[in-house]
Amino acid sequence: MLIDADAMLGRYPRRDVGTGSITEALDRMDRFGIAEAVVSHTLSWLHDPATGNRELLGLVSGQPRLRPCWVMLPGTCGETGTPAEFVRAALESGVCAVRAYPADHGYDLAGADCAAMLAAIAEAGLPLLMDAAQTGWPAVESVATAHPELRIVIGAIGYRQLRQVAGVLARTANVYLGLANLSSHCGLEWLVERYGARRLVFGTGAPVRDPAEAVTRLLWAELDDGAVAAIGAGTLQGLLPVGAA
């Protein structure tokens, strides 16, 4: 089984990758054999998190294969409420994960402004999802160390960051890697050998990235069936809050 931890709804204005509709998302999942997907909304990323988060709930209502993922902001400006209000609303709405865009939204993930929000997300048992380009590896390690109960999944790593990744994975127990754009030759096999399949999470980056990339990388990898199953769904199921898996 494959569960996509890295997908998005809503139109993406920088490239023609479709309309971002529910129909397109489900058709794409069916084409690549993806059972379920954790989805956020382009509005939450490229416009306003509070608006996009609300819009997302309406889109996924009645769609059990699509699990909502909200986008966070620091609690300092009150744009998404206090940390307690944000987390309470997320849990009441069935949100299963939180995504962060510190570079694009103009804040320091490891700074004091985010500390209370990250603590609230960790206490709620919600994993934090983020692309590597949104922050630096020192910040990821700092947050992981300061909030050991916070499970952090970093995607869109590319193929020139594995030396930095290796150190962070070795020194932390709560940082995980997403498959989208993990394009090093035999890099997936190397990571599994060193750190185990339970540190890796299947994700496609759809619709901006073609899901065939992540699906092919996982299913054609030189890994045993247990490792493929863990990466494909098992790791993510263990990261999601109780009742969301």
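Residues numbered from 1 in each chain as written. Predicted model: local features only at pLDDT ≥ 70, side-chain atom pairs only at ≥ 80, totals over all residues. Heavy atoms only, no water.

Undergrad: Just to check I follow, could you spell out the packing of aromatic side chains for this structure?
TA: Both the distance between ring centres and the angle between the ring planes are used here to describe each pair of aromatic rings. Across all of its chains, the model carries four aromatic pairs by this definition. With a centroid separation of 5.7 Å and 50 degrees between ring planes, the pair formed by W70 and F86 is classed as tilted. Here W70 is found in strand β3 (residues 66-71), whereas its partner F86 is found in helix α4 (residues 83-92), with 16 residues between them in sequence. This pair shows no difference in class: W70 is buried, exactly as F86 is. Here the aromatic rings of W190 and Y195 are separated by 6.2 Å at their centres, their planes lie at 80 degrees, and the arrangement is edge-to-face. Judged by relative accessible area, W190 falls into the partly exposed class, the value being 33%. (Phe/Tyr/Trp six-rings, centres within 6.5 Å; stacked < 30°, edge-to-face > 60°. Helix = DSSP H or I, 4+ residues; strand = E, 2+ residues; numbered from the N terminus. Buried < 20%, exposed > 50% of the residue type's maximum accessible area, 1.4 Å probe, protein only.)

Undergrad: Please explain the packing of helix α7 (residues 137-146) against helix α8 (residues 162-171) as it appears in this structure.
TA: Helix packing geometry: the angle between the two helix axes and the distance between the axes. Running from N to C, α7 and α8 cross one another at 5 degrees; their axes reach a closest spacing of 10 Å. Classified by the angle their axes make, α7 and α8 are roughly parallel. Residue-level inspection shows W137, V140 and E141 of α7 in contact with α8, the latter providing Q164, V165, V168 and R171. Of the residues belonging to the contact of α7 with α8, the class tally is four nonpolar, one polar and two charged. (Axes fitted to C-alpha atoms, helices over the stretch in contact; angles between N-to-C directions. Parallel < 35°, antiparallel > 145°, perpendicular 65-115°, else oblique. Contact = heavy atoms within 4.5 Å. Nonpolar A, V, L, I, M, F, W, Y, C, P; charged D, E, K, R; others polar.)

Geometry only, nothing functional implied.
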